[in-house]
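Examining the three-dimensional arrangement
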Amino acid sequence: MKITLDLLRRESAHSKPYRQKIVFETNDGNATVATALTQINASRSYLDTDCRPVGEVRWECSCLQKKCGACAMLINGTPRLACDSKLRELGDTVKLEPLKKFPVIADLIVDRSIMLENLKTMRLWFNERTKADETIGAIAYEASRCLQCGCCLEVCPNFYCGSDFLGTAAIVPASRIIAAAPDEQKKEIFREYKRHSYEGCGKSLACRNICPAGIDIDSLLVNSNAAAIWKRKRRKAK
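Residues numbered from 1 in each chain as written. Predicted model: local features only at pLDDT ≥ 70, side-chain atom pairs only at ≥ 80, totals over all residues. Heavy atoms only, no water.

**Description of helix 1 (residues 33-43)**
When we look at burial in helix 1, the residues that qualify are Val 33, Ala 34, Ala 36, Leu 37, Ile 40 and Asn 41. Buried residues of helix 1 fall within an arc of 160 degrees about the axis and therefore sit on the same side. For helix 1, the side-chain oxygen to backbone nitrogen distance between the N-cap and Ala 34 is 3.3 Å, and the N-cap itself is Thr 32. Just downstream of helix 1, Arg 44 is the residue with a positive phi angle, here 60 degrees. (Buried < 20%, exposed > 50% of the residue type's maximum accessible area, 1.4 Å probe, protein only. Helix = DSSP H or I, 4+ residues; strand = E, 2+ residues; numbered from the N terminus. Arc of directions from axis to C-beta. Polar contact = N/O pair within 3.5 Å; in protein donor to acceptor, adjacent residues only side chain to side chain.)

Following this line, the structure appears as structure tokens:
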């Protein structure tokens, strides 16, 4: 199998981006984008299609088992995990670019620290020891599968770094806290959820089919909106 990798590269955050094409060959029918990048970097002898040295391709990875989300990037224009993208399914030319909603550090590496800061903004932690009972166990489990990879934010028409709307990457973990937090903590969480999640979401649900973990975002969104918004409105109306 012979694949041409078309990379959008950048030496640093302030340098000019450029494209570089690399021919990668393998007999492994299950080889992924991560496989190709790993072997290219291990060899250091690769030349691009213009016979220039490729050097090290900067990209992020950790588990390579679809569990950490570190290797998220744009693959043929779609946000995906490199470790879960088989080359044989991507065509003869595979275009690799960094996620566009985050600042580029170098090559395919972006700064996704805004997602952690957004979780802090939403105050998504328990103030005391909390045990999830069987009525909220399914919600807690589903929300806990979020990889914080940023793929959902990449396709969201309402999210951009620095906006009040924090996107699905904050909505999903918020759903776990909303379901399990003690009553005295919920008032504050509901306030932050309304401001940073509910009021900014246009319900396009572009995030629904892009999640690498296959999280049931619809159900989590419905449960969180019901608890934080609609039930509170009904209680106030009474």
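**Quick notes on the sheet that holds strand 1 (residues 2-9)**
With mixed pairing, the five strands of this open sheet are ordered in space as 2-1-5-3-4. Looking at which strands have only one partner, the edges of the open sheet turn out to be strand 2 (18-25) and strand 4 (78-81). Neighbour-to-neighbour, the strand axes of the sheet open up by a mean angle of 35 degrees, direction not taken into account. Examined bridge by bridge, strand 3 (residues 72-75) and strand 4 share four bridges and lie antiparallel to one another. Bridge pairing links Ala 72 to Leu 81 in strand 4. Its contacts with the sheet put helix 1 on strand 1, strand 2, strand 3 and strand 5 (93-97), and the angle it makes with strand 2 is roughly 95 degrees. (Pairing = 2+ DSSP bridges. Axes fitted to C-alpha atoms, helices over the stretch in contact; angles between N-to-C directions. Contact = heavy atoms within 4.5 Å.)

**With respect to the environment of Glu 184**
Considering the arrangement of structural elements, one finds Glu 184 in helix 6 (residues 183-198). The class for Glu 184 is exposed, based on a relative accessible area of 59%. Counting along the chain gives 127 residues from Glu 184 to Val 57, while the straight-line C-alpha distance between them is 49 Å.

**A look at the environment of Gly 91**
Tracing the sequence through the fold places Gly 91 in the loop between strand 4 and strand 5. Overall, Gly 91 belongs to the partly exposed group, its relative accessible area being 33%.

**Observations regarding the nonpolar core**
Of all hydrophobic cores here, the largest spans 72 residues; its most connected members are Leu 5, Val 33, Met 73, Leu 87, Val 94, Leu 96 and Tyr 193. Tallying contributions element by element places helix 5 (residues 168-180) first for this core, with nine residues. Ignoring anything within four residues of it in the chain, the contact list for Val 94 reads Ile 3, Thr 4, Leu 5, Asp 6, Val 33, Ile 75, Asn 76 and Leu 87. (Core = buried A, V, L, I, M, F, W, Y, C linked by side-chain atoms within 4.5 Å.)

**Considering the environment of Ser 85**
Turning to its location among the elements, Ser 85 is positioned in the loop between strand 4 and strand 5. In this structure, the C-alpha to C-alpha distance between Ser 85 and Ile 75, residues 10 residues apart in sequence, is 8.2 Å. Once residues lying within four places of it in the same chain are set aside, the contact partners of Ser 85 are Ala 31, Thr 32, Val 33, Ile 75, Arg 80 and Leu 90.

**Looking at the packing of helix 5 against helix 6**
Packing of helix 5 against helix 6 brings their axes to within 10 Å, and their N-to-C directions diverge by 155 degrees. Viewed along their axes, helix 5 and helix 6 adopt a mutual orientation that is roughly antiparallel. Of the two elements, helix 5 crosses helix 6, and the hand of that crossing is left-handed. Across the interface between the two elements, Ile 171, Ala 174, Ile 177, Ile 178 and Ala 179 from helix 5 touch Gln 185, Lys 186, Ile 189, Phe 190, Tyr 193 and Ser 197 from helix 6. Residue composition of the contact of helix 5 with helix 6, by class: eight nonpolar, two polar and one charged. (Parallel < 35°, antiparallel > 145°, perpendicular 65-115°, else oblique. Left-handed = near helix turned anticlockwise from the far one by under 90°. Nonpolar A, V, L, I, M, F, W, Y, C, P; charged D, E, K, R; others polar.)

**Concerning the packing of helix 3 (residues 137-144) against helix 5**
Two elements in contact, helix 3 and helix 5, have axes separated by 8 Å at closest approach and are oriented at 155 degrees. One finds that helix 3 runs roughly antiparallel with respect to helix 5. For the pair helix 3 and helix 5, the sense of crossing is left-handed. When helix 3 is examined against helix 5, the residues Ile 139, Ala 140 and Ala 143 are found in contact with a partner set consisting of Val 172, Ser 175, Arg 176 and Ala 179. Tallied by class, residues from the contact of helix 3 with helix 5 come to five nonpolar, one polar and one charged.

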